[in-house]
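Architecture and fold: a report
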Amino acid sequence: MKKLIAGNWKMNGDSASNAELLAGIVAGLPGLDACDVLVCPPSVYVASAVTALAGQSVAVGGQDVSVQVKGAYTGEVSADMLRDVGATYAIVGHSERRQYHGETDALVGEKAQAALAHGITPVVCIGETLAQREAGETNAVVKRQLAAVIHAVGHCVSELVLAYEPVWAIGTGQTATPEQAQAVHAVIRAQIAAATEHPERVRILYGGSMNAANATQLLAQPDIDGGLIGGASLKVADFLTIIRAAQG
Ligand code: PGA
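Right, let's walk through the structure included here. (Residues numbered from 1 in each chain as written. Predicted model: local features only at pLDDT ≥ 70, side-chain atom pairs only at ≥ 80, totals over all residues. Heavy atoms only, no water.)

If you check the shell around the ligand, you find 13 residues, and the closest are Lys10, His94, Glu165, Gly171 and Ser209. In this structure, Asn8 approaches the ligand through a side-chain N or O atom, which is 3.4 Å from an oxygen atom. In the complex, the protein chains occlude 94% of the 280 Å² of accessible area that the ligand would expose alone. Of the residues assigned to the shell around the ligand, the class counts are four nonpolar, seven polar and two charged. (Near = heavy atom within 4 Å. Polar contact = N/O pair within 3.5 Å; in protein donor to acceptor, adjacent residues only side chain to side chain. Areas by Shrake-Rupley, 256 points an atom, 1.4 Å probe, with all protein chains shown as cover. Nonpolar A, V, L, I, M, F, W, Y, C, P; charged D, E, K, R; others polar.)

As a further point, take the nonpolar core. Membership of the largest hydrophobic core comes to 60 residues, with the highest contact counts inside it found for Ile5, Val39, Leu160, Leu162, Ile188, Tyr206 and Ile243. It is helix H7 (residues 138-153) that provides the largest number of residues to this core, a total of five residues. Taken together, domain 1 (1-63) and domain 2 (70-166 + 183-194) each give at least three residues to this core, which thus spans both. Contacts of Ile188, omitting those with residues within four sequence positions, involve Ile126, Val142, Leu146, Leu162, Tyr164 and Ile204. Formed by 13 residues, the second largest nonpolar core is a distinct cluster that contains Leu4, Ala6, Cys40 and Val123. (Core = buried A, V, L, I, M, F, W, Y, C linked by side-chain atoms within 4.5 Å. Buried < 20%, exposed > 50% of the residue type's maximum accessible area, 1.4 Å probe, protein only. Helix = DSSP H or I, 4+ residues; strand = E, 2+ residues; numbered from the N terminus. Domains from an automatic or database assignment. Contact = heavy atoms within 4.5 Å.)

Written as C-alpha cells, this is what we have:
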C-alpha cells in the first residue's frame, strides 16, 4: 500500500498564496510518485485547487463534511458538493472540530458514514489530549473514538483512512516520538483488524507537528502509513521533503 501524505491547510491562505503553493508542489513532484499526495484547503478554495491540479496526481479534500445531504443547514458543506467540485477526500473529526465545534464521537462516526455514502473518502482523526495521556488513558480514548466510527460505517471499515493525532502534538512543535506514535498505531491496527477482513487497506496516518526533520523516522514505523500535516504543509520545501521521506 502506498503511503499517503496529506496537507491540512486549516484556515490559511488566499487565492494568490494557494496558487503559489500548489505550483510549487507540482513543480517538485516529478519522481516522487511512490506515495499518494492530498491537499485539503478551506472549502471555498477546494474547487480552484482542483482546477489548479488538473492532470496532476494530487488529490484534493475538504477539511470537514456535513452529516446532512442537503437542505436548511446554514454554513454546512455536503459530501455531494465536495465530490461535485472534484474533491475525493474529507478530513473528519479533527480535534479542532471536536474542541471548538463540539463534535462528538457519534457525530464524527456519522460524518464518516455520510462521506463514504457519497463517494468521499473520510480521513478520520482520533487522538488523546495531554491530560488523557498523563492519566494513562491514551489507548482507551483512541479505542473509544475509533469504535464509534467502526460502529457508524458498518461494513465499510476498510474504506476509511485514519489519522492518529495526539492533541498535545498538534501545532505545538512537540511531536510524538516514533515509538509513542507506533505504539498507538499498533493499537489502532489491531482494532481495525478485528472489524474488517481487509485491515491492510486502511491507511493510518500520523499527525501532530510532523515536519521535514522528523518525517523520515515517523514514516519508518511499521504501522505509520503516512502523515496528516498542518503547519509544514504550507511550505513548499517542507511539504516536498515529507513527500520525499515517504518514498520508502
Ligand atoms: P500540525 O497540524 O502539523 O500543524 O501539528 C496537524 C493537524 O492538525 O492535522
